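# Descriptive analysis of the structure
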Amino acid sequence: MDGWKILVCLVISITGCSPSFANSSSSEWQRFDGWYNNRAHPKWGSLGSSLIRKAEPRFADGVYKMVMEDRPNPRMISETVMSGDDGKPSYLNRTALLAFFGQYVSFESLLTSTLHDVSCPIEIQTIPPMKCKLDVDPACKEEAAMPFLRSPYEHNSGQAPNHPREMVNRVTSWIDGSVIYSQSELWASSLRAFKDGKLKYEDTEQGQFPPLNTQRIPLANPPAPHMHKVMPLERMFIVGDGRLNQHPATLVFGLLFFRWHNYNADRIRHTYPDWTDDQIFNRARRLTIATLQSLIAYEYIPAFINEHLPEYKGYNPDVHPGITHVFEAAAFRYGHTQIPPGMYIGYFENGKCQFRRTDKGYPAIRLCHTWWEAQKFVKKYGMDELIIGMVAQLAEREDATVIDDLRKNLFGPLEYSPMDLGALNIMRGRDNGIPDYNTVREMFDLDRVTEWSQINPTMYFRDEELHIKIKKTAELYGNDMDNLDLFPIGMLESTPYGPGPTFKAIIKDHFTRLRDADRFWFENTENGLLTEEEITEIKNIKMSDIIIKVTNITKDQIQKDIFFLKEDAPCRQEQQLKSAWLDPCEDKSRYDYFSGSEMVYIITFVCAGLIPIVCIGIGYIIVRIKRYKRNLAETEVKSEMKTTNMTGIASAPLPFEMVKVDKAILAYERIREHELRKVQIKFGTDDPKIRVLGRTAQVLREFDVKVMRQVVLEVSDDNRSLPIILIANPCEYDLILQFDNHEQRQNFVTQLETMMKKNRVPLIKINLNSKKILYAAKTKSERQKQLNKFFKTVFDQAFCIVQGRTVKGIEAREVVMTELTKAEFAEALGLKPESSFMDHMFNVVDKDHNGLISFREFLDMILLFSKGTMDDKTRIMFDMYDMDSSGYLDRDEFSMMLRSLAEISRAEIKSEEIDKLLISIFASCGFQDKEELTYSDFNYLLQNYRDELLGTGTDQERVAAIGRTLSTASDSSSAIREDLTPRSWVTMRMSQLSEYMEDHHLQIFYLIIYYLIIVGLFVERAAHYAYGSEESGLRKVMGLGISITSGAGSAMSFAFAMILLTSCRNTIERLKQTVLEKYIPFESAIDFHRINAWTALVFTVVHCIGHAINFYAVSTQPVNYLKCIFKEIHFESEFMPKFDFWFYKTITGITGVMMYIIMCIMYTYASRTARRNLFNSFWVTHHLYILLYALIILHSASRLTQAPRFFYFFIGPAMLFVFDKLTNVRRQMMEIPILKAEVLPSDVTHLTFHRPRNFDYHSGQWVRIACSSYAPSEYHPFTLTSAPFEDTLSVHVRAVGPWTWKLREVFDPSNIGRSYPTLYLDGPYGEGTQDWDKYEVTILIGGGNGVIPFVSVLKDLAERTSQNIGVACKKVYFIWIAQSHRQFEWLIDMLRDIEDVDIQNIIKLRIFITEFVQNFDIRTSMLYICEKHFQRFSSRSMFTGLRGFTHFGRPNFSALFSSIQRTHLMVPKIGVFSCGPSSLNNSVAKTCDSLNKMGRIPYLIHQYEKL
């Protein structure tokens, strides 16, 4: 009866045939992770427990730094101590199986450091190259330093000398079969078949094998050095310890005990068929572990150290089972000296032992060719042949020599392979802080060594090689015997019996403690797991018994004691293997992890730089397309006419149909390349003129054929293209016409020839190819270049602008020969060609009356107007209206002059008002009895207005005169001037700074707080990664880049969160009405929104640049390092993440790229230019913020480098933002009926609509509206022009963009039906304009359409003062600057109503008309004269009908503001509010700044809104 039957029978007899082994159904089963073995100290010996020490550690700093400076180079020590010839057999005939089984034993209870499982954080200590020392590298090829990865450690250790670094064992310390079943329940479950208590298996011809790792269990998978690449993980068997696949021998032992478990399970199932799978599995596991414990303690250890462990005296809970540093890092590594360079492959044939050769004919498998390809050899040769080979092969001799396969060709990382195991062992001892050799000896009650010969007294004088090694070692260490590394000196202790006394003592201590401290040790009868009989039987089981049971090997093929090869062994090696007889190892290799990422890296960041450019380019293209389509619509070209309504973008209204003109010929005029406009050609009947008419029959161009003297007509002669004609115009630019067909062109030519004959003007007709005609044509742009050169030359000579610049040769002749037509002359002066004033002016300048103005005539005019005397300027005005050249201006001629002046100023004055004006002017000079004026009388009349005429020189002088006139005329009663003393530059600057800070102290305070928080967040995160967070390992790889990137990310997160806060418009408006307004500048919310956005953008750019550097660094790291750094990402062992993985295959990378693209789009279309031209694009892209914030949340939540932090900043503002938005939902969904719609001149649409209940607002506020009939989801901001006291709301919308043009078209009376569409309303919202009532004196300045925000203010002020409602503001100066008041008739009517309500005369209006050029200011002076006299008898402006005075030209803000300051000296501050183009706002701002710098009181506070 074999041992198993005896064991089963004994159990049955004891239990009374109960279906259990030793009460198996209720017994405590050992945990996989080693916890609770010791009930008093449950963590002892468990997974992740710390190594223990028996003496003080030896670190360079006493805490964690390795000792390197005062000890020799480990590679030099390795070369000195461990080099030597291989092929020397074991003294005691120990087998190779014993040598390899030692590795399996170490897997069972040790895992502190491996080349594929690194410490976190990553700590790399380089081993310097030997640089040709000791003749070990005669070719001097050694260049690179060998990397050494430090072991994982407890992160709460290594902080102080009283708590130095302690390494961590990442497997259980116990001999508990963890190498078979793993250390976790999950892993063990993946190994189990869950049937019959077995582990998963597959039956093959060679026996049972575990299935391949298709489940991708995280087995160790370093690159095979001979292949220098990482192989797929699926090639390996599923086993309990990933290290078993390191080489064939360790895998064979793993498979051996795998089969042993299933063998036990089969026997138990057959004996107890009613047991469950769990019962069978746990019992089989218990027996397998017990067998393993017995084999290690009582068969392997005695064979290894040639000495038995002390007798087992029972479980001792007070013994610590911890792994000592000296055992892990030195003593148990002694077995490396026994490893042979190769493995024999043995088999029996016809009862005779044979050895199989490799495919290449070598006698054995070279060890260096088997690293991490163990399964290939096991499958190829089978377990049996490998076991027979190891049993028949002798281990290497017990000495200090380590074979080259381990010392020079050990597997290593791709970036440095192969490695030197001897040097690594020495470094591991230093890494663990092992004390010096003599201190360790004292720890284990051994005498200190004082002489080098005492290291190995047995062999020192007998072994010459050992003698030399010890002497060289002494030289390396400088004969300092108190600073010796333990491992190399312990190796020198080796004797024929095995390890020397130091290592032997350490090994005995370790396994004795491990046995005695194990509550589940198989000999412990107190645990009730096994009976005495079972224990005895288990102790009788040998390794050979297991091999015979689970393989096809018979007991006749192997010896009983397989750890020794005796003379009578059934199979014995032919000779001791030498590496020289085997297949050479591969050459050294290096690997660049960034290889393959270069192009992706370059393309990624080139594209990143191009994305903003592409966004801008797309925006530019969209604008160009819109303009192009609009031009096509305006020209109505048949072949290219399209009506386009892009999705979500409003189209501008198409022009009206062309007004047909009798006997006119329809054609298309070529304006420039690829641009045509539809025109009509009309030949004069009474006058010899060719007129080009527009769509409303207005005259676009006019040709006087008599002036031209001859007409050159070029006609296209190719029939493939549309017919073209060109009329050459030497005085202007050519007329190029395109016709729909040849009949139309022939009709044009016929009528032209008729006109030419009738007026006796020669006509030269030339037939040419259309391409030649177009190529040689003089276009409008070329004519404009010629005119620019003409005017430039004229003004150079008139004003000496550039000294020494002359025009010579052909260019000079071209300029001198240039003549201006009447239209070009009118355009140069800014007048209409058809105005009577222009007619008179042209006739005066055209001295030769040829219908053209020559270079000399134009130059004379400029010199007269710029440098002429007062008498010269007055004379030309007189001559212009002396129609009959009589030397007198009669009343009719003077009346004509007044009418022409009123005409060019677009003032509508009745005839009777002109008569009154004439009488007033004549009476003021005592000419009431005269019917006509002489030149002297006319000159006397102008002398009465010397102040106005002072401005008839340069523009600057004229504007100053206007400012002085305004000042003295309007505020003469308070013309008090301050007596200011000069102040130094420093004083002025300090005063300016003080005033600015006083005015903006709240904004400055909160801005400082904001940026202190930003800086604080940045510094906190940067410092965290720069000086803290050592365990993350990020700084080891990324350096300071991770600090900057993380700091920028934290600051960016806060800025983005604050953007939401500043977007809560409704909440801000409500808070403005509370007492908080005094302490928080809510009116600056929009400015703060922009500051937040720019701050976020800056830190986003820093964050992106940082990641560009960081992920480059990460892409150069092996995957084992990355596992340590990025714990949230699972990396397959054979996976090598490239740069594209980080950017395009991780949540962080993908969301980062998407965020970058979205931000580029949003910021591009949020620019002022984009908002003006592509508002809908701005509106749509700005709503991408929802996606942006979702991506930020995902980006942060991915936990790539740190735990999510964005939500800390985001939750509060987000909740407030959502609440704020919800308050608008009902209002935005409410349809507001329109009560009245008017289409006003100047492309303005006036809408009056219902005022919702509880809709409270202040004058100057604005709303966002959308139209239900067009783009109902597209909201646009408009200032309310209604006042708070009114029952309705109103806005004035000027058509400047696609949406506003469409709105105007919707409400056009010709397009609208009986009912108006409805509006959607959002608001109100406030701007700085609503703060007008905070100042006692307020100046409102509106440029053009910029007056609209002030309409509500003026209405409100006038109404409140008329009702005696208290208001802080006591005086308002309203300055309106417009090109022509005729563009804003609707506004004039509103201002007239405001004047009627303003009974207290609080509002003072000033209107400036800027359409007149400054080159001829006699005209402007005459307009002033007329305006003054008109106001004198009518108390209102001749041009606007308002009480406010109308000025011509631009205001002198400096003079105007100074006058107002002098008027209100007792007021501390004056509010200046401007709205208009940037040029206007900048001019007002500069004026305010300059006056404030001068220290003028009151201080001017400027706020503005841009159009």
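Above: the structure in question.
Residues numbered from 1 in each chain as written. Predicted model: local features only at pLDDT ≥ 70, side-chain atom pairs only at ≥ 80, totals over all residues. Heavy atoms only, no water.

## Comments concerning the overall build of the protein
Worth spelling out the cut-off: Helix numbers and strand numbers start at the N terminus; a helix is a DSSP run of H or I with at least 4 residues, a strand a run of E with at least 2. Exposed residues in this analysis have more than 50% of their type's maximum accessible area, buried residues have under 20%, and partly exposed residues fall in between, with area computed by a 1.4 Å probe over protein chains only. Only heavy atoms matter for contacts: two residues are in contact if any of them lie within 4.5 Å across the pair. Every accessible area reported is derived by Shrake-Rupley at a probe size of 1.4 Å, with residue values counting cover from the shown protein chains alone.
Helix and strand counts for the protein come out as 51 helices and 31 strands. Expressed as a percentage of its 1507 residues, the buried residues of the protein come to 57%. Across the protein, the fraction of contacts at a sequence separation of at least 24, relative to all contacts at a separation of at least 6, is 74%. For the protein, the exposed surface amounts to about 64900 Å²; the carbon and sulfur share of it is 54%.

## Regarding the environment of L787
Here L787 shows up in helix α22 (residues 780–799). Sequence separation between L787 and E732 is 55 residues, and the spatial gap between their C-alpha atoms is 9.5 Å. For L787, the contacting residues outside a window of four places in its chain are T818, L820 and E824.

## A short note on the sheet that holds strand β22 (residues 1262–1267)
In plain terms, the rule: Strands were regarded as paired on the criterion that DSSP finds at least two bridges between them. Think of each axis as a best-fit line through the C-alpha atoms, taken over the contacting stretch in the case of a helix, with angles from 0 to 180 degrees between the N-to-C directions.
The four strands are arranged β19-β25-β22-β23 in an open sheet whose pairing can be described as antiparallel. Every other strand in the sheet has two partners, leaving β19 (1231–1232) and β23 (1276–1279) as the edge strands with one partner each. Sheet strands touched by helix α46 (residues 1298–1306): β22 and β23. Its angle to β22, the strand with the most contacts, is close to 65 degrees.

## Quick look at the environment of Q159
Applicable threshold: A 3.5 Å cut-off defines polar contacts: any pair of N or O atoms within that distance qualifies, except that in protein one atom must be a possible hydrogen donor and the other a possible acceptor, and neighbouring residues in sequence count only when both atoms are side-chain atoms.
Along the chain, the position of Q159 falls in the loop between β2 (146–149) and α4 (178–181). The sequence separation of Q159 and V63 amounts to 96 residues, and the corresponding C-alpha distance is 6.6 Å. A distance of 3.3 Å separates a polar side-chain atom of Q159 from the backbone oxygen of H155. Side-chain polar atoms of Q159 contact the backbone oxygen of S157, separated by 3.4 Å.

## Brief notes about the pairing of strand β14 (residues 724–728)
Among the five residues in β14, five count as buried, and that is most of the element. Residues I724, L726 and A728 of β14 are buried on one face, and the alternating residues I725 and I727, pointing to the opposite face, are buried as well. Examined bridge by bridge, β14 and strand β15 (residues 735–738) share four bridges and lie antiparallel to one another. Bridge pairing in β15 links I725 to L737.

## Describing the packing of helix α6 (residues 248–271) against helix α9 (residues 374–391)
Here is the rule: Throughout this description, any angle smaller than 35 degrees is read as roughly parallel, any larger than 145 degrees as roughly antiparallel, any in the 65 to 115 degree range as roughly perpendicular, and the remainder as oblique. Under the scheme applied, nonpolar residues are Ala, Val, Leu, Ile, Met, Phe, Trp, Tyr, Cys and Pro; charged residues are Asp, Glu, Lys and Arg; polar residues are all the others, including Gly.
One way to put it is that α6 packs onto α9 with a least axis distance of 9 Å and a crossing angle of 80 degrees. Taken together, α6 and α9 sit at an angle that is classed as roughly perpendicular. The residues of α9 that touch α6, namely those facing P248, A249, L251, V252, F253, L255, L256 and R259, are A374, Q375, F377, V378, M383, L386, I387 and M390. Classifying every residue of the contact of α6 with α9 gives 14 nonpolar, one polar and one charged.

## Notes on the sheet that holds strand β21 (residues 1244–1250)
Taking strand neighbours across the sheet as the criterion, the three strands line up as β20-β21-β24 in an open arrangement whose pairing is antiparallel. Both outer strands of the open sheet, β20 (1234–1240) and β24 (1288–1294), are each paired with one neighbouring strand and no more. Neighbouring strand axes in the sheet, compared pairwise and without regard to direction, differ in orientation by 15 degrees on average. Judged from the seven bridges that link them, β21 and β24 form a sheet pairing that is antiparallel.

## A few points about helix α11 (residues 421–431)
The buried fraction of α11 amounts to eleven of the eleven residues, a majority that puts the element mostly inside the structure. Along α11, the residues classified as buried are L421, G422, A423, L424, N425, I426, M427, R428, G429, R430 and D431. Considering only its buried residues, α11 is in contact with α2 (74–81), β1 (124–127), β2, α8 (325–329), α10 (404–407) and α14 (486–492). In this structure D420 caps α11, since a side-chain oxygen of it lies 3.0 Å from the backbone nitrogen of G422. Taken from the residues just after α11, G433 is the one with a positive phi, measuring 70 degrees.

## Observations concerning the state of the cysteines
Applied cut-off: Two cysteine sulfur atoms make up a disulfide if the distance between them is within 2.5 Å.
For the structure shown, the criterion picks out two disulfides. Across the disulfide from C368 sits C585; the S-S distance is 2.1 Å. Where C368 bonds to C585 through sulfur, the torsion about that S-S bond is close to -105 degrees, and the disulfide is left-handed. Pair noted here: C368 is in the loop between β8 (365–366) and α9 and C585 is in the loop between α17 (543–550) and α18 (598–635), with a separation of 217 residues, a long-range link. Looking at C368, the relative accessible area reads 4%, which means it is buried. Residue class for C585 comes out buried when judged on its relative accessible area of 18%. Here C1104 is not disulfide-linked; the sulfur of C1160 is the nearest cysteine sulfur, at 8.3 Å.

## Considerations on the side chain of N73
Mapping N73 onto the fold places it in the loop between α1 (3–15) and α2. A polar atom in the side chain of N73 sits 2.8 Å from the backbone oxygen of P128. Not counting residues up to four positions away in its chain, the partners in contact with N73 are I127, P128, P129 and M130.

## Description of empty space enclosed by the protein
The condition is simple: Here a cavity is any set of points on a 1 Å grid over the protein atoms alone where a 1.4 Å probe fits but cannot get out, and a pocket is any open set with protein on both sides within 12 Å along at least 5 of 7 lines; a residue lines the site when it has an atom within 4 Å of a point. Grid points are joined across faces, edges and corners, and a volume is the space filled by probe spheres set on the points.
Within this structure, the stated rule accounts for 15 cavities of 30 Å³ or more. For the largest cavity, the calculated volume is near 670 Å³. Residue lining of the largest cavity: 33 residues in total, with Q103, S113, R333, H336 and L421 positioned closest to the centre. Listing elements by their share of the lining of the largest cavity, those giving two or more residues are α3 (96–109), α7 (277–305) and α11. If you tally residues by element for the lining of the largest cavity, the top one is α3, at six residues.

## As for the pattern of salt bridges
For clarity, the cut-off: What makes a salt bridge here is a side-chain nitrogen of Lys or Arg within 4 Å of a carboxyl oxygen of Asp or Glu, nothing more.
On inspection of all chains with the given rule, the structure shows 46 salt bridges. The closest approach of N and O atoms between E385 and R356, which form a salt bridge, is 2.6 Å. Here the residue E385 occupies a position in helix α9, and R356 occupies one in the loop between β7 (352–355) and β8, the gap between them amounting to 29 residues. A relative accessible area of 15% places E385 in the buried class. For R441, the salt bridge is made with E493, and the minimal N-O distance between the two is 3.1 Å. Here R441, found in helix α12 (residues 437–443), pairs with E493, found in the loop between α14 and α15 (501–516); they are 52 residues apart in sequence, far enough to count as distant. Residue E493 is classed as buried on the basis of its relative accessible area of 1%. Through salt bridges that share partners, E123, R150, R165, R428 and D431 make up one connected network.

## Re a nonpolar patch on the surface
Definition in use: Like charges are joined within 9 Å and nonpolar side chains (Val, Leu, Ile, Met, Phe, Trp, Tyr) within 5 Å, but only among residues with over 30% relative accessible area and no salt bridge; these make up the patches.
Taken together, the side chains of F1005, Y1006, I1008, I1009, L1012, I1013, V1075, L1076 and Y1079 define a hydrophobic patch exposed on the protein surface, amounting to about 820 Å² of accessible area. By the secondary structure assignment, Y1079 is in the loop between α37 (1065–1072) and α38 (1085–1114).

## Brief notes about the packing of aromatic side chains
Test applied: Side-chain rings of Phe, Tyr and Trp (the six-membered ring for Trp) are treated as a pair once their centres are within 6.5 Å; stacked means planes under 30 degrees apart, edge-to-face means over 60, and tilted covers the remaining angles. When the NZ atom of lysine or the CZ atom of arginine is within 6 Å of a ring's centre and also within 35 degrees of its normal, the charge is said to sit over that ring.
In this structure the tally under the stated criterion is 41 aromatic pairs. For the ring pair W521 and F522, a centre distance of 5.5 Å and an interplane angle of 45 degrees mean the geometry is tilted. Judged by its relative accessible area of 2%, F522 is buried. Judged by centre distance (5.7 Å) and plane angle (90 degrees), the rings of Y1185 and F1217 are edge-to-face. Here Y1185, found in helix α44 (residues 1185–1197), pairs with F1217, found in helix α45 (residues 1206–1229); they are 32 residues apart in sequence, far enough to count as distant. Under the relative-accessibility criterion, Y1185 is labelled partly exposed at 21%. Every member of this aromatic cluster is reached through a ring pair, and the members are F101, Y104, F253, F257, Y300, F304, F327, F332, Y334, F503, F511 and F563. The ring of Y91 is capped by R397, whose NZ or CZ atom sits 4.5 Å from the centre of that ring.

## A short note on the side chain of T1181
Inspection of the secondary structure assignment puts T1181 in helix α43 (residues 1175–1182). With relative accessibility at 10%, the residue T1181 sits in the buried group. If near-sequence neighbours (up to four positions away) are discounted, T1181 is found in contact with I1161, M1162 and Y1165.

## Thoughts on unusual backbone geometry
Even without glycine at this site, F194 takes up a positive phi of about 55 degrees. As for its placement among the helices and strands, F194 is situated in the loop between α5 (185–191) and β3 (202–204). In the Ramachandran plot, W372 falls in the positive-phi region, its phi being about 60 degrees despite a non-glycine side chain. On the secondary structure map, W372 appears in the loop between β8 and α9.

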